[in-house]
Structures are given as C-alpha cells and as structure tokens.
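Architecture and fold: a report
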Amino acid sequence: MDLSFPTICFYLFSAILVFAGLRVITARNPVHAVLHLVLAFFTSGMIWMLMQAEFLAIAIVLIYVGAVMVLFLFVVMMLDINIDKMREGFWRYLPVGLVVAGIMVAEMAMVLNGRYFSTEVIPAPAELDAGVSNTQELARLIFTDYAYPFELASLVLLVAMIAAVMLTYRRRESTRHLDPARQIAVKARDRLVIHSIAAEKEEVNLGSGDSDK
C-alpha cells in the first residue's frame, strides 16, 4: 500500500468529509448543520485539488463556501425555526421517508454500476494534448459524455431548492399581500366610475346694506 503524502492527505480529507456529511443530517441545531456543510464543501475542494482539478476546487470554495453557504447561514439564523414543532410529525412521515430513501439508494447503486463509473481513467492534465487545460477537458466531458447526468443533477438541485422554500415558508395573517389573480381579473370599467351630478345654482342675498347705497 502506497503511503505517500498525497495518499495520506486523501484519506484524512475523506474521513473529515464523511464526518461532516453525517453531522449535517444528525445535528439538532440548524446553524451547526450549515457549518458542517461548509466544512464538507471545503474538504471536498481539497480532494479535488489532490486530483489535479484546480478549477473545481476553486469553484466549490468560492461559489459554495464563499457565497451560497454564507447566504444559507444568514437565512437559517434569521428564520428562527422552531425545531420542536418541525419534529412533531417525524414518525408520521417516517414510512414515506424510508420509501424515498430506498429509491434513492437503488438509483445510486444503478448509477455506480453503470458505464459512467467504469474503470476507464480520465487523462491527467499532463497527458492531455498541448494547449488543452483540464478546465477545457472538464467542460468537454460535462457537455458531451455526461450531458444527461448533468441535466438530471440540475433538476434535482431545482427540486431541492423549491422544497427548501416551501418548508421554510410561513404565512402571516398580519402581513398585507396582493392577490395577482384578482388584479388580473379586474377590467377597465371596474377601475373608473363616472357619476352624473346635477349642477345647482347658488342664490346670493345682497342684504339691505346694498340697497341703501
């Protein structure tokens, strides 16, 4: 077994990544879960760096850790989520959750056994043609050989984003809001009403003082 420095770093970062991923789903405090997710993203960036994928490493650190997760952290801290109330229906939704988790595990097993995770080695940057960087080769693989899985991953992220919005959405009765359907249904004749008012002639009484003049 090769115990070189990159191999030791790989196993160390992998252990930290697995630990951080488990803490994301087991932490009771949502702020702690977000912080462990930041650690997981940063550690995965280090693993990408060991695999000579510098573009992916920098992208995951700058975009996810530097922007997305910081935004998530601020949102979680400002929402003031009631954890006890959210866990009231845990046992009621547990069977459905187990079924969904089983389907996801089966799908991941099918993907891992497919042709996209074969033993074929992707050429390292030193083995690429002259003038072709690893970023260009990554773009070619994503939009050619892995275009379909890439689109599926984007769809999964979209569904997760919509689910996160719906889970944290709370309707407040005291907040004034507009109904777009009622606004669209309004017609022009309902906006302007013209009333016909009869003109009245005002009588002016000059009084006795004017007659003396």
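Keep in mind that this is a model prediction, so the values were computed, not measured. (Residues numbered from 1 in each chain as written. Predicted model: local features only at pLDDT ≥ 70, side-chain atom pairs only at ≥ 80, totals over all residues. Heavy atoms only, no water.)

**Let's talk about the overall build of the protein**
- A tally of helices and strands in the protein yields 10 helices and zero strands.
- Counting from the amino terminus, the protein carries its helices and strands in the arrangement α-α-α-α-α-α-α-α-α-α.
- Classification of the 213 residues of the protein by burial places 12% in the buried group.
- Within the protein, residue pairs in contact and separated by at least 24 positions form 58% of the contacts whose partners lie at least 6 positions apart.
- Accessible area of the protein: about 18,400 Å², with a carbon and sulfur share of 67%. (Helix = DSSP H or I, 4+ residues; strand = E, 2+ residues; numbered from the N terminus. Buried < 20%, exposed > 50% of the residue type's maximum accessible area, 1.4 Å probe, protein only. Contact = heavy atoms within 4.5 Å. Areas by Shrake-Rupley, 256 points an atom, 1.4 Å probe, with all protein chains shown as cover.)

**Overview of the packing of helix α1 (residues 5-26) against helix α2 (residues 30-50)**
- One can describe the packing of α1 onto α2 by two numbers: an axis separation of 8 Å at closest approach and a directional angle of 155°. Of the possible angle classes, the one that applies to α1 and α2 is roughly antiparallel. Remark: the crossing between α1 and α2 carries left-handed chirality. On α2, the residues touching Pro6, Cys9, Phe10, Phe13, Ser14, Ile16, Leu17, Phe19, Ala20, Arg23 and Val24 of α1 are Ala33, His36, Leu37, Leu39, Ala40, Thr43, Ser44, Met46, Ile47 and Leu50.
- The class makeup of the residues in the contact of α1 with α2 is 16 nonpolar, four polar and one charged. (Axes fitted to C-alpha atoms, helices over the stretch in contact; angles between N-to-C directions. Parallel < 35°, antiparallel > 145°, perpendicular 65-115°, else oblique. Left-handed = near helix turned anticlockwise from the far one by under 90°. Nonpolar A, V, L, I, M, F, W, Y, C, P; charged D, E, K, R; others polar.)

**Some thoughts on the UniProt feature "transmembrane region" (unreviewed entry) in the protein**
- Taken from the UniProt record, the annotation "transmembrane region" (unreviewed entry) applies to residues 6-26, 33-51, 57-79, 91-112 and 146-169.
- Along residues 6-26 the backbone is 100% helical and 0% strand, and the end-to-end C-alpha distance reaches 30 Å.
- End C-alpha atoms of residues 33-51 are separated by 27 Å, and the span's content is 95% helix alongside 0% strand. (UniProt positions renumbered as here; feature names shortened; annotations may be inferred.)

**Things to note about α2**
- Between the first and last C-alpha of α2 there are 30 Å, a value that for 21 residues agrees with the 30 Å anticipated at 1.5 Å per step.
- Turning to α2, its buried residues are Ala33, Val34, His36, Ala40, Phe41, Thr43, Ser44, Gly45 and Ile47.
- Of the residues one or two after α2, Gln52 is the one with positive phi, at around 65°. (Expected span 1.5 Å × (residues − 1).)

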